[in-house]
Structure formats: structure tokens, C-alpha cells
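Next come the chains, spelled out residue by residue.
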There are 2 protein chains.
Amino acid sequence: MGERDIAAILVTTEPEVRYFTGFHTPFWQSPTRPWFTVVPAAGKPVAIIPSIGRASMAETWIDDIRTWSSPRPDDDGVTLLVDCLRELAAGGRIGMPMGPETHVRMPLRDLDRMRAEVGGFTDVTDIVSGLRMVKSELEIDKHRFICGVVSDAFDEIPNLLSTGMTERQAFAAFRAEIIRQGADDVPYLVGATGPGGIEDIIRQPTDREIVDGDMLIFDTGSTYDGYFSDFDRNFAFTSAAQAARDAYRAVWEATEAGIAAARPGATTTDVFTAMNEVLKAAGSLGHDVGRMGHGLGMQITEWPSHSASDDTPLVEQMVLTVEPGLLWEPGKAMVHEENIVVRAGGAELLSRRAAPDLPII
Amino acid sequence: MGERDIAAILVTTEPEVRYFTGFHTPFWQSPTRPWFTVVPAAGKPVAIIPSIGRASMAETWIDDIRTWSSPRPDDDGVTLLVDCLRELAAGGRIGMPMGPETHVRMPLRDLDRMRAEVGGFTDVTDIVSGLRMVKSELEIDKHRFICGVVSDAFDEIPNLLSTGMTERQAFAAFRAEIIRQGADDVPYLVGATGPGGIEDIIRQPTDREIVDGDMLIFDTGSTYDGYFSDFDRNFAFTSAAQAARDAYRAVWEATEAGIAAARPGATTTDVFTAMNEVLKAAGSLGHDVGRMGHGLGMQITEWPSHSASDDTPLVEQMVLTVEPGLLWEPGKAMVHEENIVVRAGGAELLSRRAAPDLPII
């Protein structure tokens, strides 16, 4: 902030407020109340929050907690926030994340009013993402724990699922197993089943019954103490075509290449390219999701992206997903995913590596 | 829209996009990609979304799906969106929810660029909230189902929990039970334990062990097919002081008053006042959370609020929570909550009514 001449930074979203304060609650799912934190260039952050959050915020390291009785639609914290920004910035420049992967969580009407009162804001997405992309060892420990829990739960899949179950029952069984193994929550669980392969892998369960010859993908972001895992696994029921087995193996090999490429000094684009070469050699028909993995942390996806143009330099203690995907037949996609932390000597796996051959249940 | 002379409405958040399109995925937890829907005054909505969502969106009633390969930070859908707004609005006024309980989910940098290109927007929070506040019978059926599931899970609490468990174990046991009973997910679970009472009821679990004399509150928003329940229950372990039992009974009576007041023709403020009178008579020390219940739907909280100033007229088929709370001793809060749907003859309960006396485990 000193280098950029930023006097104070305003953050409004759950992960940023949690990152700077330690305030952790699922209460953010309610859209009713805005929550603000102002980070001055020197001294502790100041929390400007609805009074319902005072008791929880008081247990964090924050001393200066300013509250109002929210909801109060005609002034839902705006006056308090404007006063705080004027006080802490003292005429200096005020930053706010305004770039990729950010948004401002307050009514646009109130945002416009605030901007009219305190003047322009400077984009500080780079400052916030630069901090959050590199994890502490305490953060990495939480990632390692939840990745271990989900690895254990995936190992139970052959005992949990069978033909005749519906997708909805399969999702419920897997979700309960992840909780049983020690996750705090399973905020993200997508997947699908399909005869011989799957087109759309980000689906919610239906009442479709699993039958012989189906393929199944589960992709879950589970959490422990507010930190995510994010990886998937693929299975077939009873049998699978050779083309499906080949596609599985190709994406497994692409994952190997991505993991090997993830070293300090390389970039996210190097990791992308390493995976992409393997997929091209395997005859991919393309799989247009814009990237092949991303940062992982307090959100299921964070900066940076393994893409053709992202080119973020990798440094030690970045926690990343490696996530190649290919379209191996029209309408049939195969995506693998592992979680790693970048270390001096190369990637440390956080998830337990998927089997090299397609598991048949 | 015709009455207000609005040519098109832009929505950017998960519940609004889902409401107008049917597109339902937890993928929105990833902050990386923006998703847009434009609702014209005549004709079907148009989806402007990342290509990763095309297959899922193609299964909804939407015909016009415009995609780009996201993430693409230098133009993450903005050009596509601007072109679509110009085409569908054809010089007419463009609406966007800009008021209470809304925000715009796209980078502020991109929002500013879009506004510079297409001109001013009109706030249409009232149009969107007016639609969403009144549920169809199909929506109400989903609410009734998930409220029944959670009622059944709460009934199992005496069999699931005991002294000696940690909060974390208790949360896990209850979460797994809700899934077992048929919920798709438990996105929201807060609660706490405390000797003789609880101050902060929106906490996440700790490794604190439950002991004789503790009180426990669980408050959960669970979902079925994307629709929420939101109600809580209170318990004591082994024994409870008379003051705690009295506080429980007072809030139970306040809930009765709130349910009785929730009739077509009354307002949210009437419901608030009915509950507040009971709490005042019980000697409440206050409980400053700004309201005593709210709308319920695709989000755990939606418009309107039972507050002293909200004054929204109640109409049939509104799904609401009734949620009085009191501070019965300094640092000890008691909150009850039920879910109802407003009917011509009065409220229909969706949750199974809490016991009138504090349950002792």
C-alpha cells in the first residue's frame, strides 16, 4: 500500500472481510445486510458491520467495530462507512478491488452514493490477490486436512454407490460420507451420470437411476475451518468402452504433466501448456472452459488461472488445482483434478492422486 | 415493465438468473466468471454466460444463449452484454436491481465500462422483489418438503446429541441427519452451545465439549431443489434454570403472536409489532438484529422484513419466517423461528411447530 500510495482499502465480500479480520460465518448467504472492512496503511482493520455480527467480530483480533441496526434500507451503513473512509484515508487514495474475480457487495444505489461522497477509488485487485494467492503454512495445513478427508471419502465410493440408486441418492450418500470423514461442510458438489460418458459435469442431481455402463463424475469443494478442497473423480459402472478408458488415461497423463510443470519460476501459462500438449496429442476435440485449473483457498476458485494468457509467476506456497479436461467424443467430456501446493522442489500433492486407470464399480 | 416503461432488465446474481431462466448450479460459488441474463419486456430472457454453462443452460426454457470463453479478463462478457442490451432495449430504458438486498455481481471496473457504454440504468428492485416475494404453489411445495425434512431431523436431536460431544461433532451429526432425511444440501448451519444460555447464535462450531447445564441452538437453512427452509430449535442438556425456561416460553408465545398476525391485508410491521408486544411484556432487554423474520425462497433470506418500518403488505402465497428474539439476561439471547405461507384464512405452517416448553436432553 505504501508503494502504491494507498491510504486505505475497502473490502465488502466474505472472503476479503474474513481474510483481514478472521470473521467467519455463513451468515453472508443472506443478501440483506452489507458488511464492510477498511484496512488502513498502518494499524488494524476497522469493521463496519450490522449489529447482529458484533459478538462474533469481537472474538477476532479487530478492536474497532462500528455497528448499526441493519436492515435499515435508507442508510444501510453508508454514512458510517463514508465517515470511516474519510477518517482513515485522511485525504489519501482509497483502494477497492475492482478487477477480475471481484465484485462490490452492496446495493449499487448505495455504492454510487458512497462514491459520490468520498470520490474516486483506485483498483487494488493486485494487492489483495497478491496476498491471498500465497498461503501461510497454517492455511496449507487446513487445505491438506480437507483434501485428505475428501480423498478418504472418494475411496469409499465403490462401497457407497451401486446401480439402481438415483443420482440424488448417490449425491446424498457421498455428501454424508464427506461429513462423516471430518469435513465441516460440502458447499460445492456437482456431478452427473451418463451412459458411456458425460457431457455436462457441473450439474445438480436428478432422479435418474444409475444403470450398467454409466459413467459418473463427482466434483466437490468441501471445507474445513473455511478452507476448500476442490477435486473430482471419475468412475464407470460394470464396464466401460476402450475409448472411455483411453480418455481417462490421457487426462490422467495431462494431470501428471501439469503437476510436474508447477514449480517456482514457471507460470500458470507454462502449466496450462504442459497439460494442453498432452491433450492435443490424445486427440482432444476441445473443451472450452477457459482454463485448466486455478488458485484454491477460502473460495473454491481464486486467482490465478492456468490459461493460455494468464502468465502469473508461480511462487512457493501457492495452493492450486490442476484440472485438465478433454472432449473425447462429441458430447462426452472427461475432467481430472488434483490439488497441490507449490514448493521449492516442485509440487506437493494435497489430494491423494487418482488411480491411473478408470475405476470400474 | 410496461407500466414503468422499462424495455429490458439486467440481472447478474444467482437467484435472479435462476428465477428467470431455471439455471441451477452451485458453480456460482466460484467468483471467477460473471453470468448475465437480460429480460426483455416481451419475449423470453436472453442468457449471456460463460461457455462452461452452455450445456446446462440449454436444458432450461431459454433459447437465446450467448457465450464466451471465460475467464477472459480484458473482456469478460462486457462487449456481448452491451450489444445485447442495445439490441433488446432499442433505445428504451434499462432496469437493474440497485436497491436493498441486491448487488451487482461483476467487477466494478466492468460495471463502470458497461454503464459508460449503455447509459443510465433504472432501479427495478421493486419489480424483481414483487415477483419473487409471492411464490407459486410449485415453489411452496418445495418449501413444504424441505421444512418437513428439517422438522424430522430436529426430532432426532435427542437421539443424536449428548454431553461429551464437541460442537464440531454435534454440527456434523445434525448436518448428516438432515441429508439422510432427504435434503439436497445444508448450505446454512449456525449455532452455539453455552453454559445456561447463549449470546451469539450465528457461530460456526468449535471444539468446545458439551457439558451438563449447557444450552444449544441450531439454526439451519437447508435446501431441496434450490428452495430453502430457515428455522431454529433450542435445547438444554440435563437441566435448565427457570429463567431460561421462561425465556423460551416467552419467545414461543411471541412466535404464536407473529403467526396469528400474518394474514393478507396486514403488513410486515403488524407482524413485527405483534411479536414485539409479547417480548416487551416478557421483560426483553432488547435484541438488536434489525428485524424479526423475513421472506424465504431461493435465498435463505429475501424481501420483505418484519421490522418496525418495513410495512410491506402481506398477500397470499408469500413464504415467510417468523423469528422473534430476546435478550433475557445480559449475554444470553433466545431466538425462535418458524416458516409459514400466507393463506386467505391465515398462516399455514411449513415447519412443524416447536414444543411450547424448553426440551431437555
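Along each chain, residues carry numbers from 1 onward, in the same order as the chain's sequence is written. The order in which chains are written sets their letters, starting at A; the order in which ligands are written sets their numbers, starting at 1. pLDDT decides what is reported in this predicted model: residues at 70 or higher carry local features, side-chain atom pairs at 80 or more are listed and counted, and totals for whole chains, interfaces and linings draw on all residues regardless. Side-chain figures throughout are based on the complete set of non-hydrogen atoms in the structure, without hydrogens or water.

### Some remarks on the relation of the copies chain B and chain A
Superposition of the copies used a least-squares fit over C-alpha atoms from residues whose pLDDT is at least 70 in both. Rotating chain B by 180 degrees and moving it 0.0 Å along the rotation axis overlays it on chain A with an RMSD of 0.0 Å. Such a combination of rotation and displacement between the chain copies is what one expects of a two-fold axis. By C-alpha distance to the rotation axis, the residue of chain B lying nearest is B:Ala176, at 2.7 Å. Any two residues whose heavy atoms approach within 4.5 Å are treated as being in contact. The overlap is high: 100% of the interface residues of chain B also sit at the interface in chain A, so the same surface is used on both sides.

### A word on the packing of aromatic side chains
Between 30 and 60 degrees the pair is tilted, below 30 it is stacked and above 60 it is edge-to-face, where a pair is any two Phe, Tyr or Trp rings, Trp via its six-membered ring, whose centres lie within 6.5 Å. Here the structure, examined in full by the defined rule, presents 22 aromatic pairs over all chains. Seen from their ring centres, A:Tyr19 and A:Phe20 are 5.4 Å apart, and the 90 degrees between their planes marks the pair as edge-to-face. The classification of residues rests on relative accessible area computed with a 1.4 Å probe and restricted to protein chains. Under 20% of the type maximum is buried, over 50% is exposed, and intermediate values are partly exposed. According to the relative accessible area criterion, A:Tyr19 is partly exposed, its value standing at 25%. The class for A:Phe20 is buried, based on a relative accessible area of 13%. For the ring pair B:Phe27 and B:Trp35, a centre distance of 6.1 Å and an interplane angle of 80 degrees mean the geometry is edge-to-face.

### Overview of the interface of chain B and chain A
Chain B puts 63 residues into the contact, and the matching count from chain A is 63 residues. Accessible area that two parts lose when put together, with a 1.4 Å probe and added across both, is what the buried area reports. Taking both sides of the interface into account, the surface hidden between chain B and chain A amounts to around 5,500 Å²; carbon and sulfur atoms contribute 53%. Here, a salt bridge means any Lys or Arg side-chain nitrogen found within 4 Å of an Asp or Glu carboxyl oxygen. Summed over the shared surface of chain B and chain A, the result is eight salt bridges. Residues A:Asp185 and B:Arg175 are paired through a salt bridge, measuring 2.8 Å at the closest nitrogen-oxygen approach. Polar contacts here mean pairs of N or O atoms no more than 3.5 Å apart (in protein, one a potential hydrogen donor and the other a potential acceptor; neighbouring residues in sequence count only if both atoms are side-chain atoms). Linking chain B to chain A there are 24 residue pairs in polar contact (both at pLDDT 80 or more). Secondary structure follows DSSP: runs of H or I at least 4 residues long count as helices, runs of E at least 2 residues long count as strands, and numbering of each begins at the N terminus. Looking at the side of chain B that touches chain A, the elements that each hand over two or more residues are α2 (54-57), α4 (108-118), α8 (167-180) and β7 (185-195) of chain B. Put simply, Ala, Val, Leu, Ile, Met, Phe, Trp, Tyr, Cys and Pro go in the nonpolar bin, Asp, Glu, Lys and Arg in the charged bin, and everything else, Gly too, in the polar bin. Looking at the side of chain B that touches chain A, its residues break down into 28 nonpolar, 18 polar and 17 charged.

### Examining the sheet that holds strand β1 (residues 6-11) of chain A
The strand order across the open sheet built from six strands is β4-β3-β2-β1-β5-β6 (chain A), with neighbouring strands paired in mixed fashion. At either end of the open sheet lies a strand with only one pairing partner, and these are β4 (65-68) and β6 (122-123) of chain A. When DSSP locates at least two bridges between a pair of strands, those strands are taken to pair.

### Here we look at the sheet that holds strand β3 (residues 46-50) of chain B
All names here are of chain B. Within the open sheet, the six strands sit side by side as β4-β3-β2-β1-β5-β6. Their pairing is mixed. Edge strands, defined here as strands with exactly one partner in the open sheet, are β4 (65-68) and β6 (122-123). For β3 and β4, the ladder comprises four bridges, and the chain directions are parallel. For isoleucine 49, the partnering residue across the bridge sits in β4 and is threonine 67. Helix axes are fitted to C-alpha atoms over the stretch in contact, other axes to C-alpha atoms as well, and angles between N-to-C directions run from 0 to 180 degrees. This element, helix α3 (residues 78-89), spans β1 (6-11), β2 (36-40), β3, β4 and β5 (93-96) of the sheet and lies at about 5 degrees to β2.

### Some words on α3(B)
Every α-helical turn comprises 3.6 residues, leaving residues that sit three or four positions apart pointing alike. A rise of 1.5 Å per residue sets the reference length of α3(B), with its 12 residues, at 16 Å; its end C-alpha atoms lie 16 Å apart and thus fit the reference within 8%. On its buried face, α3(B) is in contact with β1, β2, β3, β4, β5 and α4 of chain B. Every helix has an expected span of 1.5 Å times one less than the residues it contains.

### What about the pairing of β1(B)?
All names here are of chain B. Taken across its six residues, β1 has six buried, putting it largely inside the fold. Alignment of β1 against β5, held across three bridges, turns out to be parallel. Its bridge partner being in β5, isoleucine 6 is matched across the sheet by arginine 93.

### Re helix α1 (residues 14-21) of chain A
Residues and elements named next belong to chain A. The buried fraction of α1 is high, at seven of eight residues. Taken together, the buried positions of α1 are Glu14, Pro15, Glu16, Val17, Arg18, Phe20 and Thr21. On its buried side, α1 packs onto β1, β2 (36-40), α2 (54-57), α5 (125-133) and β12 (302-305).

### A short note on the packing of α1(A) against α5(A)
Packed helix pairs are characterised by how far apart their axes lie and by the angle those axes make with each other. Residue and element names in this part refer to chain A. Here α1 crosses α5 at 65 degrees, and the two axes come no closer than 12 Å. Taken together, α1 and α5 sit at an angle that is classed as roughly perpendicular. Between α1 and α5 the crossing geometry is left-handed. In this structure, α1 uses Pro15, Glu16, Tyr19 and Phe20 to contact α5, whose residues at the interface are Val128, Leu131 and Arg132. The residue makeup of the contact of α1 with α5, split by class, is five nonpolar, no polar and two charged. Angles are sorted into four bins: roughly parallel if under 35 degrees, roughly antiparallel if over 145, roughly perpendicular if 65 to 115, and oblique for all others. The crossing is said to be left-handed when, going from far helix to near helix, the turn is anticlockwise and less than a right angle, and right-handed when the turn is clockwise.

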